Amino acid sequence: MPSPDFSDRLPLIVKVSRLYHEQGLRQPEIAGRLNMSQSRVSRLLRDGVTAGIVRTIVVEPEGLFSDLEDRLRTLYGLRDAVVAGVSDEDAGNDSAILNAIGSAGARYLESTMLPDDLVGMSSWSASLLALADAMTPRATRTATSIIQVLGGVGDPHAQVKATHLAERFARVTGATVRYFPAPGIVSSPAVRDSFLSDPQIAAVRDSWNELTMALVGIGSVEPSALLVSSGNTLPDTDLARLRRQGAVGDVCLNFFDRDGVPVVSDLSGRTLGIDAATLKSVPRRIGVAGGERKLAAIRGALVGGWCDVIITDSHTAAALLDMEQKARDRN
């Protein structure tokens, strides 16, 4: 189709465009001043864009990373990406990274959560705790229910933290909270089945099929010193076995390799938490994680479809883009 010829009305297009974009007149005012219909004013403004006379330029303020977010979305096929700024000096500072992604994640959730959301939440994680602490309680309800999707992991103190995390999210969103009162890992499949036969536990488990959103941390098989000191981690023998099997990370104790492929281990039949199929059926799956130590785990979570939204920091985002590009170049 040939390009439209605007030569006969260029002066009018420019005049209308300047009145609208530079002088701030509304379309009815322009129509009255120039003695033409409002529909013609609207057409002339569209022609101004088509002819390249009017161009929209978005000037991004310093500290925003929409380009990184766009590239992450495109390269990993994500629903959304949120990138928080972290300075070069703080690139290796876990505390600075947690504060940054917590603040960015809080703003994102406060803007995108809906009053009828049923939110599945994984066990205690430093990233989710930072996000919860950064959220501001709202006057109106922003979610219906916060539902735990994983049993407690680690020592009893860490399991209490998981309960407090769910309570905190319920308070800031005005939602009710549903606990999953079970350990995350038990000694045998028979013990697991016994727990799942409990009516209260079974009812919470059934509610996972109704989730509209999952909010999860992304774990690494190389836990941080903070995680180890908190007691919220698996025994060293289990972690070593998972590493030998190629695991790099997990979401809700669903372990996967660097390409996001599930790693089947003896833990699979002993875990009390949301399974891979149910998790991946949740419409919006938001992973919150950052830092160099978690790079392989985050990439695996994204390419494996464990998360379709990522909240991370700028250095991790850039490294994820580089990792994925190199992986594609190798293939």
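What comes next is a walk through the structure. (Residues numbered from 1 in each chain as written. Predicted model: local features only at pLDDT ≥ 70, side-chain atom pairs only at ≥ 80, totals over all residues. Heavy atoms only, no water.)

**Side note on the environment of T112**
Here T112 lies in helix α5 (residues 94-112). Since its relative accessible area comes to 25%, T112 is described here as partly exposed. Distance in space between the C-alpha atoms of T112 and T142 is 9.1 Å, their sequence separation being 30 residues. If sequence neighbours within four positions are ignored, T112 has contacts with D117 and R284. A distance of 3.1 Å separates the side chain of T112 from the side chain of R284, its partner in a polar contact. (Helix = DSSP H or I, 4+ residues; strand = E, 2+ residues; numbered from the N terminus. Buried < 20%, exposed > 50% of the residue type's maximum accessible area, 1.4 Å probe, protein only. Contact = heavy atoms within 4.5 Å. Polar contact = N/O pair within 3.5 Å; in protein donor to acceptor, adjacent residues only side chain to side chain.)

**Topic: the pattern of salt bridges**
Tallied over the entire structure, the rule returns 17 salt bridges. R73 is the partner of D70 in a salt bridge, and the nearest nitrogen-oxygen pair spans 2.0 Å. Here the residue D70 and the residue R73 both occupy positions in helix α4 (residues 66-76), the gap between them amounting to three residues, near one helical turn. Measuring nitrogen to oxygen at the nearest pair gives 3.7 Å for the salt bridge that ties D266 to R241. Pair noted here: D266 is in the loop between β8 (254-256) and α12 (276-280) and R241 is in helix α11 (residues 236-244), with a separation of 25 residues, a long-range link. Relative accessible area serves as the criterion here: at 33%, R241 is assigned to the partly exposed category. One connected set of salt bridges, linked through shared partners, spans D238, R241, D266 and R270. (Salt bridge = Lys/Arg side-chain N within 4 Å of Asp/Glu carboxyl O.)

**Here we look at the nonpolar core**
Within the largest apolar cluster, 40 residues are counted, with the highest numbers of intra-cluster contacts made by L72, W208, I218, V251, L302 and I310. Element by element, the count of residues in this core is highest for helix α13 (residues 295-303), at five residues. L302 has contacts with Y76, L78, C307, I310 and L320, leaving out every residue within four places of it along the chain. Counting residues in hydrophobic clusters, the runner-up holds 31 residues, among them A104, A106, M113 and V309. (Core = buried A, V, L, I, M, F, W, Y, C linked by side-chain atoms within 4.5 Å.)

**Brief notes about the sheet that holds β8**
Strands sit in the order β6-β7-β8 across an open sheet of three strands; the sheet is antiparallel. Two strands bound the open sheet, and with one partner strand each, they are β6 (219-220) and β8. Examined bridge by bridge, strand β7 (residues 249-251) and β8 share three bridges and lie antiparallel to one another. Residue pairing across strands places G249 opposite F256, the latter belonging to β8. Where α13 meets the sheet, it contacts β6, β7 and β8, and its direction lies at approximately 105 degrees from that of β8. (Pairing = 2+ DSSP bridges. Axes fitted to C-alpha atoms, helices over the stretch in contact; angles between N-to-C directions.)

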